[in-house]
Amino acid sequence: MTSNKEDYLKVIYEENGLERPVSNKVICEKLGIAPSSVTEMLSKLQKQGFIEYEAYKGSKLTSIGGVICIKLLRSHRLWEVFLIRYLGYSWREAHEDAHLLEHVAPERMIDRLEAFLNFPETCPHGSIIPKNGELFENTQLVKMTDLKVGDIALLVRVEEDGDLLDYLERSGIIIGEYIKIKEKEEYEGSVEVLQKEKSIRISYKAACQIYVEKRR
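The structure displayed is predicted, hence computed values, not measured ones.

1. Things to note about a nonpolar patch on the surface
Moving on, step 1. Judged by side-chain polarity, Tyr86, Leu87 and Phe116 come together as a nonpolar surface patch covering roughly 330 Å² of accessible area.
Moving on, step 2. With respect to the element layout, Tyr86 can be found in helix α4 (residues 63–87).

2. Quick look at the domain arrangement of the chain
Moving on, step 1. Looking at the chain, the domain boundaries give domain 1 (3–61), domain 2 (73–137) and domain 3 (142–214).
Moving on, step 2. For domain 1 versus domain 2, the separation of C-alpha centres amounts to 24 Å.
Moving on, step 3. Each partner contributes to the interface: domain 1 provides six residues, whereas domain 2 provides six residues.
Moving on, step 4. Taken together, both faces of the contact between domain 1 and domain 2 bury some 500 Å²; the carbon and sulfur share is 51%.
Moving on, step 5. Among the residues of domain 1 in contact with domain 2, Asp7, Lys10 and Tyr13 are the three that bury the most area, contributing 72% of the side total.
Moving on, step 6. Between the two partners, domain 1 and domain 2, sit one salt bridge.
Moving on, step 7. The closest approach of N and O atoms between Lys10 and Glu102, which form a salt bridge, is 3.1 Å.

3. So, the confidence of the model for the chain
Moving on, step 1. Here the chain averages 91 in pLDDT, and 99% of its residues register 70 or above.
Moving on, step 2. Confidence scores differ between elements of the chain, with strand β1 (residues 51–54) showing the lowest mean pLDDT of 89 and helix α6 (residues 107–116) the highest of 96.

4. Quick look at the pairing of strand β5 (residues 178–184)
Moving on, step 1. The sheet contact formed by strand β4 (residues 152–158) and β5 spans three bridges and is antiparallel. When the bridges of β5 are listed, Ile152 appears paired with Lys180.
Moving on, step 2. Pairing of β5 with strand β6 (residues 191–195), which is carried by four bridges, proceeds in the antiparallel orientation. Bridging across to β6, Lys180 finds its partner in Leu194.

So, how was this worked out
Every chain begins its residue count from 1, and numbering advances along the sequence as written. In view of the model being predicted, local features appear only for residues whose pLDDT reaches at least 70, and side-chain atom pairs are presented and counted only at 80 or more, with totals across whole chains, interfaces and linings using the full set of residues. Each side-chain value is derived from all of the structure's non-hydrogen atoms; neither hydrogens nor water enter the calculation. What goes into a patch is any residue over 30% in relative accessible area without a salt bridge, connected to like charges within 9 Å or, for nonpolar side chains (Val, Leu, Ile, Met, Phe, Trp, Tyr), within 5 Å. Per-residue accessibility takes into account occlusion by the displayed protein chains alone, with areas from the Shrake-Rupley method and a 1.4 Å probe. A carboxyl oxygen of Asp or Glu within 4 Å of a side-chain nitrogen of Lys or Arg is what we treat as a salt bridge. Secondary structure elements follow DSSP: runs of H or I no shorter than four residues count as helices, runs of E no shorter than two count as strands, and numbering proceeds from the N terminus. These domain boundaries are the output of an automatic or database domain assignment. Between two residues, a contact is recorded if the distance between any of their heavy atoms is within 4.5 Å. Joining two parts hides part of their accessible area as seen by a 1.4 Å probe, and the buried area is that hidden amount summed over both. Confidence of the predictor in every single residue is expressed as pLDDT, which spans 0 to 100. Pairing between two strands requires that DSSP report at least two bridges joining them.

Rendered as structure tokens:
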């Protein structure tokens, strides 16, 4: 299994490819690869039993493909914890280098890394680290943009996009802490939140990629 093939499987997984087909167009956009190259690779992955591909609909992961993705996500997220906790990486740096390490580290190394880190539950960006080969996502999460002024919510997770990670780290927002919606500008405007007595203004685009659990 090459790192290139693993990247394809991860994109399909991250686009909910265990539940529904993911179009070639989405894969092209996520990987920045020409349509002809994507079609060729998907054909190979189908022949090897990692995906089910149907023309004009897209690709779904098989159970084998899903297992590979969960192992990659576990490795990636554990490396992020290590790089930030012990080597002083930024959020973006950790995400980028974890992407390299996830493809080369053997499973026994990842097992020992997890034990060394004392079995963390989430990566620094709030994504759950798979346990025992399974990944249970938090289904109670909503986007920050779904909250109303005055709502209080736990900031749980952010999407792992390099530019977004840089932006949020500069803002000083903290994952794993509560926020209160202080102000929302009308029609796709910015969102001002209060966290630990500090006011932070988040752009609408960024707020769409931040997931929270609303306090009931």
